[in-house]
Amino acid sequence: SQQGEEDPQALSIQEGENATMNCSYKTSINNLQWYRQNSGRGLVHLILIRSNEREKHSGRLRVTLDTSKKSSSLLITASRAADTASYFCATAFYNQGGKLIFGQGTELSVKP
Amino acid sequence: DAGVTQSPTHLIKTRGQQVTLRCSPISGHKSVSWYQQVLGQGPQFIFQYYEKEERGRGNFPDRFSARQFPNYSSELNVNALLLGDSALYLCASSLDTGDWSSPLHFGNGTRLTVT
């Protein structure tokens, strides 16, 4: 079974709007990562937040982590049509090497 | 620098056959992982190899096996194919700094269709 659950499953917005995706997980983690996948292609790493961090920024991306609620959110500001893709959160655990557990993903559609 | 390369890009096999998928990691990356992604779902972990040793295995049957070569490239083998094995198989490499925080770099995958 997959660790992460993402919400919403699908999101449709207009260009220029902000997009927020949420991820919940079940057990203690070492870090949480967000990946993007364009249709039928490989995943691209976006950002990593460690368990002792609460917020992280990268360009138009802002990630928060609340370990007490076992949840994370990804905010994409001023979205563009090129941001249309599926977004996945993935959790990494101590003593499990590089194994990542991925959520089901949020499918984001940004309309021009 | 070249990214992670996978071959072939597409493959059609019949039930009961065997398949071998190949992956070349980014230069300098010693860790290779394999994931299966069924349409509409997130990737599921199959294997991780580091320095030619299996470091982790997901919840997949023994029909799935893998290995890593001295040049860090890797192969994933699946025997006795079932219809349910139809999926996108993704290979990912990482630097593996030992603190579980190395991002994965994915190839574009092999699309396997079992008929």
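As the structure is a prediction and not an experimental result, all values here were calculated from the model.

### A look at the interface of chain A and chain B
Consideration 1: At the interface, 26 residues of chain A touch 22 residues of chain B.
Consideration 2: Both faces considered, chain A and chain B share a buried interface measuring about 1,900 Å² in area, 52% of it formed by carbon and sulfur atoms.
Consideration 3: Our count for the chain A to chain B interface comes out at zero salt bridges.
Consideration 4: Taken together, chain A and chain B are joined by four residue pairs in polar contact (both at pLDDT 80 or more).

### Some thoughts on unusual backbone geometry
One can expect most non-glycine residues to show negative phi and most peptide bonds to be in trans.
Consideration 1: In this structure, Pro-8 of chain A follows Asp-7 of chain A across a cis peptide bond, with omega equal to -5 degrees.
Consideration 2: With respect to the element layout, Pro-8 of chain A can be found in the loop between β1 (5-7) and β2 (10-14).
Consideration 3: Ser-7 of chain B connects to Pro-8 of chain B through a cis peptide bond whose omega is -10 degrees.
Consideration 4: Not every positive phi belongs to a glycine, and Lys-70 of chain A is a case in point at roughly 55 degrees.
Consideration 5: Despite not being glycine, Ala-80 of chain B has its phi angle at roughly 45 degrees, a positive value.

The rules we used
- Residues numbered from 1 in each chain as written.
- Chains lettered and ligands numbered in written order.
- Predicted model: local features only at pLDDT ≥ 70, side-chain atom pairs only at ≥ 80, totals over all residues.
- Heavy atoms only, no water.
- Contact = heavy atoms within 4.5 Å.
- Buried area = accessible area lost by both parts, 1.4 Å probe.
- Salt bridge = Lys/Arg side-chain N within 4 Å of Asp/Glu carboxyl O.
- Polar contact = N/O pair within 3.5 Å; in protein donor to acceptor, adjacent residues only side chain to side chain.
- Helix = DSSP H or I, 4+ residues; strand = E, 2+ residues; numbered from the N terminus.

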